[in-house]
Amino acid sequence: MNRQHSATGANATGVSPPLAVRRGGLARYVVAAALARTADGGAVVAVVLLVTSSGGAGTLAGVLGACITAPHLFGPFVARPLDLARDGRKVIAVACLLYAAALTAGVLTYATVPAPVTALLLAVAGTCGPLLTGGISSRLPAIAGPGLRTQRRAQGWDVATYGIGGTVGPSLVAALSGGTSPAVAALALAGGAGVAAGCVLLLPHAPAAVGRDRAAILKPGPTLVLVARTGPLRRTVYLTMIVALGVAALPITAVHMTEILGVGASTAAVLTAAYGLGNLTGSVAVMVAPLTGDPDLLMRRLALGVVIGLGLISASHSLVLSVAAYGVTGILNALFFAATLAARTEYAPAKVRGQVFIWVAALKITSGSAGTALAGSLTGLDVRLPLVLGITGITAAVLAATFDKRSATRLTGPA
């Protein structure tokens, strides 16, 4: 327990900020994170609608949309400045502004400049995306304070902002696109990212952990090696990736399950909404009753919970049961995500915490994209095949993590 508390120190001096300051900082954090993640979550939908509504080819829409999402994989290579900076808020604020500017330029110049130019502008925005997701999350430990319970409650708020971004972003784009145009929707998202930059600068300042020893900050490659060699972080990475791959199939599966359930295709939106509502419910549950215990163990148990949720979806044969199963899976996945945030916070060395957060986020997004693509190809064979694959993969990952943990315990003794 002492190791966990020392890993979450509020600042470089070890002095915890007053309660009122922490609460005010957390409120500003939630606003900043929600705005940034709403922009990041809705941008790809806005870009795809922008292309298709103007008569562009579906292939072009997919390529330009990928320019927003694919660069997340390169997040770790732009994350090091976050650990090197004496004021990480400025790095994230600049990323928010650059995201807003690049997205705005890409939207306004679409169809007036060659497509590769638009793709390049959108790729610049996409490269900033990891700092709007994992980068902002790396600021949370210093804001929440050193207490384990307050850390876990704050992580519940963080999970909620991801849920808001993934739900409100696309919904806002759909609403504005219907009333005005996809370009206006994209510009609204860019404006939100710009406002997020100002909110980030209002967060409490946390002195950099690097101090004067800037050479001690690892580069992306060595940081990933460190993660691979550190048992709890290694398990965090592959459990996060496999669970992300499994649940990424849910939106695709929802569309095809409507045929089995004998309902209209539009009902798929009800299933995905139930999952999103469950995700937010799980976030609230963590705020009210923070997770307790070792994050390493929590991740494994909650990953098995996600397996149960996927099993319920696979076994459901009525709309009511399917909606309930999607909701339960959303709750369990939110709890699992909160456990992974706790693991990143408590196991990552302070001097590379920003890079660790972004490495895990980047690998999670990449795995989720692969899961979506895989589900799209497998549902043609059998609607439930992606769910079975997810159940099998997550179960195998939990067994591997359990064996990994026990092997480490035998070698080093109990923690």
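Residues numbered from 1 in each chain as written. Predicted model: local features only at pLDDT ≥ 70, side-chain atom pairs only at ≥ 80, totals over all residues. Heavy atoms only, no water.

Student: Would you mind going over the overall build of the protein with me for this structure?
Tutor: Secondary structure assignment for the protein yields 18 helices and zero strands. With 415 residues in all, the protein has 51% of them scored as buried. Sequence-distant contacts, at least 24 apart, represent 84% of the contacts inside the protein between residues at least 6 apart. Summing over all exposed atoms, the protein offers an accessible surface of approximately 16,700 Å²; the carbon and sulfur share of this is 72%. (Helix = DSSP H or I, 4+ residues; strand = E, 2+ residues; numbered from the N terminus. Buried < 20%, exposed > 50% of the residue type's maximum accessible area, 1.4 Å probe, protein only. Contact = heavy atoms within 4.5 Å. Areas by Shrake-Rupley, 256 points an atom, 1.4 Å probe, with all protein chains shown as cover.)

Student: How should I be thinking about the packing of aromatic side chains in this particular structure?
Tutor: Aromatic rings considered in pairs are described by the distance between their centres and by the relative angle of their planes. This structure, assessed with the given rule, holds one aromatic pair. Centroid distance Tyr 162 to Phe 337: 5.0 Å. Interplanar angle 75 degrees. Geometry classified as edge-to-face. Here Tyr 162, found in helix 9 (residues 148–179), pairs with Phe 337, found in helix 16 (residues 319–347); they are 175 residues apart in sequence, far enough to count as distant. According to the relative accessible area criterion, Phe 337 is buried, its value standing at 8%. A cation sits over an aromatic face here: Arg 37 above Tyr 162, 3.9 Å from the ring centre. The ring of Phe 337 carries Lys 364 above its face, with NZ or CZ at 3.7 Å from the centroid. (Phe/Tyr/Trp six-rings, centres within 6.5 Å; stacked < 30°, edge-to-face > 60°. Lys NZ or Arg CZ within 6 Å of the ring centre and 35° of its normal.)

Student: Explain the nonpolar core here, please?
Tutor: General note: in soluble globular proteins, nonpolar side chains tend to be found buried as a group. Of all hydrophobic cores here, the largest spans 53 residues; its most connected members are Leu 26, Tyr 29, Leu 64, Ile 68, Tyr 99, Leu 103 and Leu 122. Secondary structure elements with two or more residues in this core: helix 2 (19–53), helix 3 (58–69), helix 4 (76–84), helix 5 (88–108), helix 6 (115–132), helix 8 (140–144), helix 9 and helix 10 (182–201). Of all the elements, helix 2 adds the most residues to this core, at twelve residues. With near-sequence residues (within four places) excluded, Ile 68 lies in contact with Ala 43, Val 44, Val 47, Tyr 99, Leu 103, Leu 122, Ala 125 and Gly 126. One finds Leu 271, Tyr 326, Leu 332 and Tyr 347 within the second-largest nonpolar core, a separate group that totals 49 residues. (Core = buried A, V, L, I, M, F, W, Y, C linked by side-chain atoms within 4.5 Å.)

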